[in-house]
Amino acid sequence: MVALIQEILPGVRILFETQEAILLSSSSASGLMEGAIRNCVERRCLHLVSGAFGERWRQVAADCGREPESLQVAAGEPFTSEAVDEALAKEDYEAVCLTHNETATGVTHPLAAIAQVVRKHENVLLMVDAVSSLGGIPVAMDSNGIDVCFASVQKAIALPPGFSLCAVSKRALSKARGMKGRGYYFDFARLAEASEKGQPLATPSVSHLMALRVQLRIMLQEGLQNRYARHAAMAERVRSWAREHFGVLAKSGFESNTVTCVTNPRGIQVAEFIQRLKQRGYRISNGYGSLKDATFRIGHMGEHSLEGITELLRAMDEVLEA
Ligand SMILES: *Cc1c(COP(=O)(O)O)cnc(C)c1O
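Quick caveat, the model's predicted, so the values are computed rather than measured.

The rules behind the values
Residues numbered from 1 in each chain as written. Predicted model: local features only at pLDDT ≥ 70, side-chain atom pairs only at ≥ 80, totals over all residues. Heavy atoms only, no water. Domains from an automatic or database assignment. Buried area = accessible area lost by both parts, 1.4 Å probe. Salt bridge = Lys/Arg side-chain N within 4 Å of Asp/Glu carboxyl O. Polar contact = N/O pair within 3.5 Å; in protein donor to acceptor, adjacent residues only side chain to side chain. Helix = DSSP H or I, 4+ residues; strand = E, 2+ residues; numbered from the N terminus. Nonpolar A, V, L, I, M, F, W, Y, C, P; charged D, E, K, R; others polar. Core = buried A, V, L, I, M, F, W, Y, C linked by side-chain atoms within 4.5 Å. Buried < 20%, exposed > 50% of the residue type's maximum accessible area, 1.4 Å probe, protein only. Contact = heavy atoms within 4.5 Å. Expected span 1.5 Å × (residues − 1). Arc of directions from axis to C-beta. Pairing = 2+ DSSP bridges. Axes fitted to C-alpha atoms, helices over the stretch in contact; angles between N-to-C directions.

1. Thoughts on the domain arrangement of the protein
Its domain assignment divides the protein into domain 1 (2-221) and domain 2 (224-321). Of note, the centres of domain 1 and domain 2, computed from C-alpha atoms alone, are 26 Å apart. Across the domain 1/domain 2 interface, buried area totals approximately 2100 Å², and carbon plus sulfur atoms make up 61% of it. Contact with domain 2 buries area across many residues of domain 1, yet Ala104, Gly106 and Gly136 alone supply 18% of it, more than any other trio. For the pair domain 1 and domain 2, the interface holds 0 salt bridges. Where domain 1 meets domain 2, there are 11 residue pairs in polar contact (both at pLDDT 80 or more). Elements represented by at least two residues in the side of domain 1 that touches domain 2 include exactly α1 (2-16), α3 (52-63), β6 (107-108) and α9 (206-222). Looking at the side of domain 1 that touches domain 2, its residues break down into 16 nonpolar, 10 polar and 4 charged.

Following this line, the structure appears as structure tokens:
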């Protein structure tokens, strides 16, 4: 176990682009959303809510008995650093919680610009949900000065679900150590101490650790820059198809490279469209939450290829023509 974990940690650090502590969690990322709140927020945090996943994190904070505030933008819109700056000037918060890539709307928020304004406030932690970006879109934990950053393995890392990764800054760890009632299973201080020694805190999902060891090798062999470029190329192709036939929900310049949320101005029956594609062996998704029937989403992350995406788009053309 020690050898396995110690072999995994350097690869995970490369993915996050961090020298900070790495936590390995045998839970999906929603567990770490809760952990981030319980370890790092005593009372007030600011949630940047641009869709269903941002809203989930705010709800988690509320359900943990904290007092989360939300700054909201319409579906498809990105947050601007100016809006965050203004919110932080008005009120005191212990942390800003950002969903880097909002999977429900296909928007990638300007992380570096937002991080820069949060970093002007020494006592405000920057916590980032990178669930659907890590491994597909650069996150750059250390150069952005992120304090807590987490991701599940079943999105752009393309492993079976049920495991997640987290990186935590020294500042966040020191806050966690002083936090009362932060629990055991998601205790960041204990988790960091354990992983430092190459040990799990509780019985881990060994099969995930083994799969992660293999997948990290594959990802680093491809090269992260190549991997990001492949995601960008797939996204570009999907967007140009979407613009030709429908529309893209995300504001231009902020479209996600891992998932595209397609609008439906023609009013096609989304459920039927998805069903017909499924019969041909292709899976795309309906909209998420309130966008269920108004949009559909095409995932282009993980191990998908430009060839596979091109094939999917051809099948979509055929279904539309029929
Ligand atoms: C999928 C997703 C989550 C939830 O992760 P789980 O692994 O299902 O717990 C959170 N945030 C974003 C942005 C996601 O895409």
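2. What to know about the nonpolar core
Grouped together as the largest cluster of nonpolar side chains are 45 residues, with contacts concentrated most on Phe16, Val118, Leu134, Leu165 and Leu212. Looking at which element gives the most residues to this core, the answer is α1, with 7 residues. Each residue touching Val118, except ones within four places of it in the same chain, is listed here: Val84, Leu88, Val96, Val124, Leu125 and Leu126. Val41, Cys45, Cys97 and Ala192 belong to the second largest nonpolar core, which has 30 residues in total.

3. Some details on α9
Here α9 contains 17 residues, and its C-alpha end-to-end distance of 25 Å stays within 8% of the 24 Å for a straight helix at 1.5 Å per residue. The complete set of buried residues in α9 reads His208, Leu209, Leu212, Gln215, Leu216 and Met219. The buried side chains of α9 occupy one side of the element, clustering within an arc of 130° when seen end-on. With respect to the buried face of α9, the exposed residues turned more than 90 degrees away are Ser207 and Gln221. Looking at the buried residues of α9, the elements they touch are α1, β1 (21-25), β9 (164-168) and α10 (224-245). Just beyond α9, the residue with positive phi is Gly223, at close to 95°.

4. Points about the sheet that holds strand β7 (residues 125-129)
Strands sit in the order β1-β9-β8-β7-β4-β2-β3 across an open sheet of 7 strands; the sheet is mixed. Bordering the open sheet on either side are β1 and β3 (67-72), each of which pairs with just one other strand. Shown here is a sheet whose adjacent strand axes are inclined to one another by a mean of 20°, direction ignored. Where strand β2 (residues 44-49) lies against β3, 6 bridges are found, and the strand directions are parallel. Looking at β3, one finds that His47 is bridged to Ser70. The strands touched by α3 within the sheet are β2, β3, β4 (95-99), β7 and β8 (148-152), with β2 carrying the most contacts at an inclination of about 160°.

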